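# Coordinates in review
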Amino acid sequence: MSTKRAVKVRFAPSPTGDLHVGNIRTALFDWAYARHTGGTFLFRIEDTDTTRVTDEYIQAAIETLKWLGLQWDEGPEVGGANGPYLQSQRLDIYAEWAQKFLTQGDAYHCYCSPDELEAVREGQRKANVAPGYNGHCRDLTAEQIAAFKAQGREAVVRMRMPDGSTTFTDEIRGDVTFDHKFVPDFVLVRADGSPLYTLAVAIDDILMGVTHVLRGEDLLSSTPRQIRVYQAMGVKLDDYPVFAHLPFVMGQDNAKLSKRNGEVSIAWYREQGYLPEAICNYLALLGWSPGDDRENISMKELTELFTVEKVHSSPARFDMKKLEAINGDKIRALSLEEFTTWTLPFLIKANVIAGSAEEIELVKQALPLIQERIVKLDEAPALLRFLFVKEFAVDPDAVAKISDDAAKDILRRSKKELEALAAWNHESIEGALRTSLIEELGLKPRIAFTALRIATTGSTISPPLFESMELLGKEACLTRISAALAL
Ligand code: GLU
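Below is a summary of the structure that appears in this document. In this text, all values refer to a predicted model and were calculated from it rather than measured experimentally. (Residues numbered from 1 in each chain as written. Predicted model: local features only at pLDDT ≥ 70, side-chain atom pairs only at ≥ 80, totals over all residues. Heavy atoms only, no water.)

Core analysis: the biggest nonpolar cluster contains 106 residues, and Phe306 and Phe318 have the highest contact counts within it. Top contributing element to this core by residue count: helix 1 (residues 21–37), with nine residues. The residues contacting Phe306, other than those within four sequence positions of it, are Phe29, Ala32, Tyr33, His36, Leu214, Trp288 and Val311. (Core = buried A, V, L, I, M, F, W, Y, C linked by side-chain atoms within 4.5 Å. Buried < 20%, exposed > 50% of the residue type's maximum accessible area, 1.4 Å probe, protein only. Helix = DSSP H or I, 4+ residues; strand = E, 2+ residues; numbered from the N terminus. Contact = heavy atoms within 4.5 Å.)

Now for helix 19 (residues 465–472). Where burial is concerned, most of helix 19 is hidden: six out of the eight residues are buried. Turning to helix 19, its buried residues number three or more, namely Leu465, Phe466, Ser468, Met469, Leu471 and Leu472. Each element contacted by the buried residues of helix 19 is listed here: helix 13 (357–371), helix 16 (405–419), helix 17 (426–440), helix 18 (445–457) and helix 20 (474–485). Note on helix 19: the residue one or two positions beyond its end, Gly473, has a positive phi of about 95°.

As a further point, take unusual backbone geometry. Residue Pro84 is bonded to the preceding Gly83 through a cis peptide linkage, with omega at -5°. Relative to the helices and strands, Pro84 resides in the loop between helix 2 (55–68) and helix 3 (91–104). In this model, Glu77 sits at a positive phi of 75°, which is unusual for a non-glycine residue. Residue placement: Glu77 occurs in the loop between helix 2 and helix 3. Looking at Glu77, the relative accessible area reads 54%, which means it is exposed. A positive phi is found at Asn351, a non-glycine position, where the angle reads about 60°. In this structure, Asn351 sits in the loop between helix 12 (336–349) and helix 13. Take Asn351: its relative accessible area is 64%, and that puts it in the exposed class.

Attention now moves to the site of the ligand. Residues in close proximity to the ligand include Arg10, Ala12, Pro13, Ser14, Glu46, Tyr197, Val201, Arg215 and Leu219, which together make up its full environment. Within the side chain of Arg215, an N or O atom sits 2.7 Å from an oxygen atom of the ligand. Of the residues in the shell around the ligand, the class split is five nonpolar, one polar and three charged. (Near = heavy atom within 4 Å. Polar contact = N/O pair within 3.5 Å; in protein donor to acceptor, adjacent residues only side chain to side chain. Nonpolar A, V, L, I, M, F, W, Y, C, P; charged D, E, K, R; others polar.)

The next subject is the environment of Leu443. The residue Leu443 is located in the loop between helix 17 and helix 18 in this model. On the basis of relative accessible area, Leu443 is assigned to the partly exposed category, the value being 23%. Once residues within four sequence positions are removed from consideration, Leu443 is found in contact with Ile410, Leu437, Ile438 and Ala448.

With that settled, the discussion passes to the packing of helix 16 against helix 20. Axis separation between helix 16 and helix 20 bottoms out at 10 Å; the angle between their running directions is 155°. Between helix 16 and helix 20, the angle is such that the two are roughly antiparallel. Judged by the twist between their axes, the crossing of helix 16 over helix 20 is left-handed. Between helix 16 and helix 20, the residues in contact are Lys408, Leu411, Arg412, Lys415, Leu418 and Glu419 and Lys474, Leu478, Ile481, Ser482, Ala484 and Leu485, respectively. Of the residues contributing to the contact of helix 16 with helix 20, the split by class is six nonpolar, one polar and five charged. (Axes fitted to C-alpha atoms, helices over the stretch in contact; angles between N-to-C directions. Parallel < 35°, antiparallel > 145°, perpendicular 65-115°, else oblique. Left-handed = near helix turned anticlockwise from the far one by under 90°.)

Turning our attention to the packing of helix 17 against helix 18. Here helix 17 crosses helix 18 at 125°, and the two axes come no closer than 10 Å. Put simply, helix 17 runs oblique to helix 18. Considering only the axes of helix 17 and helix 18, their crossing is right-handed. Contact with helix 17, carried on its side by Leu433, Arg434, Leu437 and Ile438, involves Pro445, Ala448, Phe449 and Leu452 of helix 18 and no other residues of that element.

We now examine the sheet that holds strand 4 (residues 156–159). Pairing is antiparallel in the open sheet, where three strands are placed in the order 3-4-7. The open sheet has two free edges, formed respectively by strand 3 (107–110) and strand 7 (186–189), since each of these has just one partner strand. This sheet shows a mean twist of 45° between the axes of neighbouring strands, independent of strand direction. By the bridge criterion, three bridges tie strand 4 to strand 7 in an arrangement that is antiparallel. Bridge pairing in strand 7 links Arg158 to Val187. Together, strand 3, strand 4 and strand 7 form the strand contacts of helix 3, whose direction differs from that of strand 3 by roughly 95°. (Pairing = 2+ DSSP bridges.)

Dropping the structure here:
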């Protein structure tokens, strides 16, 4: 991407809810591009719409970026030479520029009421012409203005869009032209004095020295308005940021993913036990590839390989199954220490453990048994609960499977074998049970061991049986088998 200046990329969400998959894909590409070029990654919070952005969502956005490991160089908490980085703290700057635009004649006061604007839109709908402001207040006389004021009308500030068109080069889709017939004069400042997105974003990108705007394609049509603001600011063409609009992330059903869909919120993935590396890995390859068909990529590789040229121009489809598979891969790649750190909060939250040192020790012994099997961390509590329950009970669904004579016989025989065992480890347990149940009784392993699994872990689904029994201990196993025999 061509620019002579040192690269500065920004991620500038308006947190009107939890950040979602689309936002994070944008943030990740922004970050990766900044890291790839050795440039700066700037994080700005666009919170001028105070009716929709809350402090809680702002904080959550900051936390999410941190959690994902997308460290920013300028922005909230870390500061920087171009702050503040919350737009709500920059209102004076926007007001000053809006005033300048008014003075220059680039902008004007518009006194049209919402009802009048709606009537204009209605007329346009009927006449089947493009909707938009009709320029009513463009050239008001002093008398007209005085009359509006006398009526108690409050004015918004509108940007004057000249006739003609705006063309810019989008790094992903090439030259894009907007005919100004479809870009009517737009509001910069509301009647209450608050700035609109188009004003604030354009001013900040310029004042903060942003060189590259990589963002979702939903914002493509706002670009000519931003360029109009740059012109009014007197920015030289060379100092415009380079634009690249990333294609949408679509849902599996071909619908656009949206904030209103709970499953797109990153907080949801976090609660389910997706690892940040898995989310980043998956999203990195959603609409971009380094030129091969790999499915695994580390953050380091991403920063080495990421270029905007390789971003696809067609929409990407979100595939939950693929993300799950990648999450499973990342879980398997964790060291025991890391896996423990990630899993403990899930076990504590699900009340499997309180968090004592003794419990953590047992968790560490048990985790290798499930590391190969789970694809999300939130599967861990159900699999490990049997090791920690005070009042053991068999799953109601599984009781029938150990109630018949055949199952009771298996349990009775197992109990006898296990009682006689001198050494309690998974090899000795397995050896004794295989000899007795499979070789001597001729049972199918699945039948024999399902009964034991239910009796000792309470469920038909558990970590590997003999290792589970070893960890549970001889006494607990025998007590549970006796209890199962009494059911
Ligand atoms: N704040 C805008 C949004 O969240 C994005 C700004 C931009 O990337 O230009 O929709």
